[in-house]
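Descriptive structure summary
Below are the chains, spelled out letter by letter.
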Amino acid sequence: MPKAACRAADFNFNFMRTLVTPDEARQIVLDNIEVLPSETVTHALVIGCTLARDIISDVQLPPFDNSAMDGYAVIAADIANAAQNAPVKLQILETIAAGQFPQREITSGVCARIMTGAPLPQGADAVVMREDTREGENEVEILVSVPPATSIRRAGSDVARGETVLHDGTIIGAAQWGMLASLNQENVVVARRPRVLIITTGDELVPLGTPLQDGQIRDSNSFALSALAQNCGAIVQIKHVGDKAEDLEKTLESAQDFDAVITSGGVSAGDFDPVRDVLKARAQVHFWKIAMKPGKPVMFASWKNGEKTIPIFGLPGNPVSVMVAFEQFVRLALLKMQGRRALHRVTVCAKLSGPLRSPAGKTEFVRALVLPDGDGWTAHLTGDQSSGRLSTMTRANALLVIPEGTTSLETGQTVTAQMTEWPEIEIQSVGT
């Protein structure tokens, strides 16, 4: 077994010196990621999971014609000439609450008081809102005319029997969870959540609660990566291995229970970069450097662990580079593992609020706050774009994609914005 602790200069990196573009890197990642096996979970635990099988309804929703309002079930023809100054008086046969079944048929001259969601009585073809009536104990004056079908929800108007209601690859959010309950889906087949190991490297990193010594910094990347991965549906474990290549190698060798590994730091061209050294010696490296800013030194490799091959993402150490690289590459992999249909962020076209300069030969991802502006969007840079300025990520809800051939943009020019979050931050929070 080759020793992984050698310096990078000892290796022949010719096959990795050519920069890949972000688009090429994304495709390489997706080509080397497999969808995880499915599993069956109870309805109570399905929130945040991804469907692995279509949901086909064996019922219709709503199951019966019902009222969309609190009001009166009537025959529309009876009240065709009703008005505020010419009310139509109807006898009230019964009151129908939600969950009760009507006992009387509606015929000309009579009606039923009905609550929202209650079954429509036979003979009625419209519902008049309570606000458009003058109510008595046994009779009601209808003050408006309404056409047939007013305020009625027909059986099967939401979901028809035999309809595919939810498709595989759909993430279960609040609406989907409610729909599964409506369809009486007690057990649901979903993609297994990816198990992700996050490894931070660097002897300079110190955990929360430990006093900092000279030259030390807090380990913030593990928290940012954990949050990003969990937002993708992953189950996360975090380890720290410092700068020793042998410690990293042992950790990777024991990672057979994980579906992906994400490392932070140790992937550049320095003398103490264990990720680069270990992956070059032990893994199949698909790419190392990407023509992008921030996040140029990103390594993607396949690690053979017995019969299992584990994708490894070697991300840089600077906090913004870590988050941008995750957004562009790791996120796609974790979503594909779950069979998601929508892999990419929503993008909008936004006008720049000020001029922007970008380096030649690289795609730049610029932190910005993108806000609605009239019938469009305006992008406000959140401050200095250095890869160490984590504070500018806290103020951003988008990454502006500046193509590698573009070096100068002026105020008002349009750029593509990847919306990492929808605009909920006040404009006053923009930094300079």
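See the structure printed just above.
These lines cover the structure that appears in this document, whether it is placed above or below. These numbers were taken from a predicted model, which means no experiment stands behind them.

Now for the packing of aromatic side chains. For any two aromatic rings, the description comes down to two numbers: the centre-to-centre distance and the angle of the planes. Summed over the entire model, instances satisfying the criterion amount to three aromatic pairs. Consider the rings of F287 and F300, whose centres lie 5.8 Å apart with planes at 35°: the pair is tilted. Of the two residues, F287 sits in strand β19 (residues 284–289) while F300 sits in strand β21 (residues 297–305), which places them 13 residues apart along the sequence. Owing to a relative accessible area of 3%, F287 belongs among the buried residues under this scheme. Judged by relative accessible area, which is 0%, F300 ranks as buried. Here the aromatic residues F287, F300, F313 and F329 are joined through ring pairs into a cluster of three or more. One Lys or Arg, K289, reaches over the ring of W288 and ends 4.5 Å from the middle of that ring.

Moving on, we get to the pattern of salt bridges. Scanning all chains against the criterion turns up 14 salt bridges. Linking R154 and D65 is a salt bridge whose minimum nitrogen-to-oxygen distance equals 2.9 Å. Here the residue R154 occupies a position in the loop between β11 (152–153) and β12 (164–166), and D65 occupies one in the loop between β3 (55–56) and β4 (66–67), the gap between them amounting to 89 residues. Using a relative accessible area of 27% as the deciding quantity, one classes D65 as partly exposed. E249 is paired through a salt bridge with R282; the nearest N and O atoms lie 2.9 Å apart. Separated by 33 residues along the polypeptide, E249 in helix α4 (residues 245–253) and R282 in helix α5 (residues 274–282) bring together distant segments of the chain. Residues participating in the shared-partner salt-bridge network are R113, R130 and E135.

Reading guide: rules and limits
Residues numbered from 1 in each chain as written. Predicted model: local features only at pLDDT ≥ 70, side-chain atom pairs only at ≥ 80, totals over all residues. Heavy atoms only, no water. Phe/Tyr/Trp six-rings, centres within 6.5 Å; stacked < 30°, edge-to-face > 60°. Helix = DSSP H or I, 4+ residues; strand = E, 2+ residues; numbered from the N terminus. Buried < 20%, exposed > 50% of the residue type's maximum accessible area, 1.4 Å probe, protein only. Lys NZ or Arg CZ within 6 Å of the ring centre and 35° of its normal. Salt bridge = Lys/Arg side-chain N within 4 Å of Asp/Glu carboxyl O.

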